[in-house]
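Summary of the model geometry
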Amino acid sequence: MAPSLVSLTAARDPYPVFRVLRERYPLVRDELLGAWLVSRYEDVRDALARPWLVALPPGRTLSHMEGATHRAHRALLEPGLRGDALAALAAGAARTAHVLAHRIAARREADLVAEFCRWLPAAAVVTALGLPPEDAAYVQRWCRGGLTHLAGHHDELDARLRPHLVRRRAHPRDDLLSVLCAAEVGGRPLSDGTVTGLVGALLGGGGDATALALASFLANLLAHPDQLALVRERPELIPAAWAESLRRDPPAPVVLRRAVRPVTVAGTPLPAGAVVACLVGAAGRDPARFAEPDRYDVLRTDPGHLATGTGRHACLGAELACHIAEYGLRALLDALPGMVLAPGFGPEPRGLLTRGPRTLLVRPG
Ligand code: HEM
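One structure accompanies this document, and this report is about it. All values reported here derive from a predicted model rather than from experimental measurement.

What follows covers helix α15 (residues 318–335). The terminal C-alpha atoms of α15, which comprises 18 residues, lie 26 Å apart, in line with the 26 Å expected from a rise of 1.5 Å per residue. Listed as buried for α15 are Leu-320, Ala-321, Cys-322, Ile-324, Ala-325, Glu-326, Gly-328, Leu-329, Ala-331, Leu-332, Leu-333 and Ala-335. Looking at the buried residues of α15, the elements they touch are α5 (83–105), α6 (112–117), α7 (119–129), α11 (192–223), α12 (225–233) and α13 (238–248).

Not every one of the 27 residues close to the ligand is listed here, only the nearest: His-70, Arg-74, His-149, His-313 and Cys-315. Interatomic distance of 2.7 Å between a side-chain N/O atom of His-70 and an oxygen atom of the ligand. His-149 places a polar side-chain atom, nitrogen or oxygen, 2.8 Å from a nitrogen atom of the ligand. The set of elements that each furnish at least two residues to the shell around the ligand consists of α4 (67–77), α11, α13 and α15. Ranked by the residues each element gives to the shell around the ligand, the list is headed by α11, at 6 residues. Its residues assigned to classes, the shell around the ligand shows 14 nonpolar, 10 polar and 3 charged.

Turning our eyes to something else, we now look at the nonpolar core. In terms of nonpolar packing, the biggest core is built from 80 residues, with Leu-112, Phe-116, Leu-203, Phe-217, Leu-218 and Leu-360 touching the most fellow members. Apart from residues no more than four positions distant in its own chain, Leu-360 is found in contact with Ala-110, Asp-111, Leu-112, Val-113, Ala-215, Leu-218, Ala-219, Leu-222, Leu-341, Phe-345 and Pro-347.

What follows concerns the packing of aromatic side chains. One pass over the full model with this rule turns up 4 aromatic pairs. Measuring from centroid to centroid gives 5.4 Å for Phe-217 and Trp-242, while their planes differ by 85°, and the two rings are edge-to-face. One end of the pair, Phe-217, is in helix α11; the other, Trp-242, is in helix α13, with 25 residues separating them in the sequence. One residue, Arg-160, lies across the ring of Tyr-138, its end atom 3.9 Å from the ring centre. The cationic tip of Arg-261 hangs over the ring face of Trp-52; the distance from NZ or CZ to the ring centre is 3.8 Å.

About the thresholds
Residues numbered from 1 in each chain as written. Predicted model: local features only at pLDDT ≥ 70, side-chain atom pairs only at ≥ 80, totals over all residues. Heavy atoms only, no water. Helix = DSSP H or I, 4+ residues; strand = E, 2+ residues; numbered from the N terminus. Expected span 1.5 Å × (residues − 1). Buried < 20%, exposed > 50% of the residue type's maximum accessible area, 1.4 Å probe, protein only. Contact = heavy atoms within 4.5 Å. Near = heavy atom within 4 Å. Polar contact = N/O pair within 3.5 Å; in protein donor to acceptor, adjacent residues only side chain to side chain. Nonpolar A, V, L, I, M, F, W, Y, C, P; charged D, E, K, R; others polar. Core = buried A, V, L, I, M, F, W, Y, C linked by side-chain atoms within 4.5 Å. Phe/Tyr/Trp six-rings, centres within 6.5 Å; stacked < 30°, edge-to-face > 60°. Lys NZ or Arg CZ within 6 Å of the ring centre and 35° of its normal.

Right, here's the structure in full:
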């Protein structure tokens, strides 16, 4: 019988389950989850890009939009996360990383998740939106309460954003929130609900996905000192080391979709209404696609992870996340040159829909 993802074993370590699924059940119904599981690299890539498979649970953000509406809203956000705007955000992330890393340097022992990974991406996205810096603390609380890329409903986020929306609609500034407040789609301004949904997705992308991915990235390097030494010697390898960590340990190993029409997934027709779990984590360790897939190897010559999606909904913040990781690591290596895992501590990733180590104890050295 095919294993289910709804089990304590899978939440603790889904990779053995992913292996069985990939080898023996490339498309199988998980009754407990209420979804079809798709696990091989090629099938997951196809499913992520396939029309008529839409994001789940339903919501009001970019991931839930399709067709012309999706293209129009995506085009609004894109300039704020590309080109000169991206360069400015990266420079800001470098400054924040420097401050955070130097704070830790003075300590005997520190938890990089609590004191670095949760702050750096949240601060970068808060800056992109033009929100007050102290809102990075709220982002962490909302993410602990379930704010992700798919946003979700957050009364507190709505309430906190409302006065900013009123002000930006009256007096636009040079930030992403003003762009959204001034934007029109189909000749009509975006409603407060739409703006809040988009803002929630951006904050969730930074505060949840990027924070977890950064924790896994640092954990991978600290747990593989030979790889850390390589990156230290050749910092130009940092983006490859980040991509390799996303492949091996994606922060969102399961991406859920719902069929709004009959679709074919992994060669099998599924009816409208079917829920499909795209196992990005299983795809990243598919030996048919990646040599020695369990190994963390910053010199890998077969890149191509799916952790930031693919196709029309591919992640808009992927480049920003990569800059955050690069400047974050550079700042840590600069301020804590002898950084090692705390004695007796081993990073333990947790979670299934969102996954990463929840603590990362280090000795600054
Ligand atoms: C390592 C960090 C990140 C990971 C692993 C990640 C992953 C993803 C994934 C899997 C998707 C969905 C793709 C799909 O549905 O097919 C997505 C979409 C998205 N991400 Fe990220 N993300 C990250 C960081 C960010 C950041 C920092 C931001 C914002 C600043 C962001 C903004 C978005 C947006 C707006 C979408 C929706 C795109 C669309 O539907 O057109 N992400 N991301």
